[in-house]
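# Fold and geometry: a report
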Amino acid sequence: MPAAFVRNSATPLLLRPRKFLANAWDLVTLKAAVAEQAPRYGNIKAPVVVITGDTDTTVSPNIHSRRLAAAVPNAKLIVLPGVGHMVQYAAPDVVVREIEAMIAVTGAAKAAMR
C-alpha cells in the first residue's frame, strides 16, 4: 500500500455507520455468494482477464484467481510477482493495457458483425 493511501483516498468514508454495516454484511455473505455463483463461471461468454498479485493475502491467487481463470472459458490470467492485493496501484500500466486490449478486441468483434 502506498504510504499516503489512506490520506489520499476516501477510505475514511467507509467508516460511516451505514457504509461500515453494508461492507460488514458483504463480507459476512461473500463466501456463500461466491459458492452459489461458481458453478456458473463456465457459462461466462464475455472476455475475462484476471490480474492478481502473487503475494495477495486478501484474495488468494491460488484459491480464487487461478480457479476463476481455469473455470471461465478463454480467461486470461496474469500473476504479478511481488504484488499484493491492490494491483491497480502496484501495476496500473498492466491494468490499463489489459483494459485497452479488451476494448480493442470487443470493438473489432462488434465491427465485424456489422
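First, a word on scope: everything that follows refers to the structure included in this document. (Residues numbered from 1 in each chain as written. Predicted model: local features only at pLDDT ≥ 70, side-chain atom pairs only at ≥ 80, totals over all residues. Heavy atoms only, no water.)

## Examining the nonpolar core
Judged by nonpolar contacts, Ile78, Leu80, Val83, Val87, Ala91, Val94 and Val95 together constitute the single largest core of seven residues. Every element with two or more residues in this core is listed here: strand E2 (76-80) and helix H5 (92-113). In contact with Val87, other than residues within four places in its own chain, are Ile51, Thr52, Gly53, Leu80, Pro92 and Val95. Counting residues in each nonpolar core, the second largest holds five residues, with Tyr41, Val50, Ala69 and Val72 among its members. (Core = buried A, V, L, I, M, F, W, Y, C linked by side-chain atoms within 4.5 Å. Buried < 20%, exposed > 50% of the residue type's maximum accessible area, 1.4 Å probe, protein only. Helix = DSSP H or I, 4+ residues; strand = E, 2+ residues; numbered from the N terminus. Contact = heavy atoms within 4.5 Å.)

## Notes on unusual backbone geometry
One non-glycine residue, Asn74, lies in positive phi territory at about 65°. For Asn74, the position within the fold is in the loop between helix H3 (61-71) and E2. Take Asn74: its relative accessible area is 79%, and that puts it in the exposed class.

## Considerations on helix H2 (residues 17-37)
Between its first and last C-alpha, H2 extends 29 Å over 21 residues, near the 30 Å set by a 1.5 Å rise per residue. Along its length, H2 reaches its greatest deviation from straightness, about 50°, at Leu30. (Expected span 1.5 Å × (residues − 1). Bend = angle between axes of the 7 residues up to and from the residue.)

## Examining a nonpolar patch on the surface
Nonpolar side chains collect at one region of the surface, where Leu15, Phe20 and Leu21 lie side by side and expose about 360 Å² of accessible area between them. Relative to the elements of secondary structure, Phe20 occurs in helix H2. The partly exposed category is assigned to Phe20, whose relative accessible area is 47%. (Patch = residues over 30% accessible without salt bridge, like charges linked within 9 Å, V, L, I, M, F, W, Y side chains within 5 Å. Areas by Shrake-Rupley, 256 points an atom, 1.4 Å probe, with all protein chains shown as cover. Salt bridge = Lys/Arg side-chain N within 4 Å of Asp/Glu carboxyl O.)

## Describing H3
Along H3, the residues that are buried comprise Pro61, Ser65 and Ala69. An end-on view of H3 places all buried positions within 35° of arc, on one side of the element. Seen from the buried face of H3, the exposed residues on the opposite side, beyond 90 degrees, are Arg67 and Ala70. On its buried face, H3 is in contact with strand E1 (49-53) and E2. Between a side-chain oxygen at the N-terminus of H3 and the backbone nitrogen of Asn62 the separation is 3.3 Å; the capping residue is Ser60. (Arc of directions from axis to C-beta. Polar contact = N/O pair within 3.5 Å; in protein donor to acceptor, adjacent residues only side chain to side chain.)

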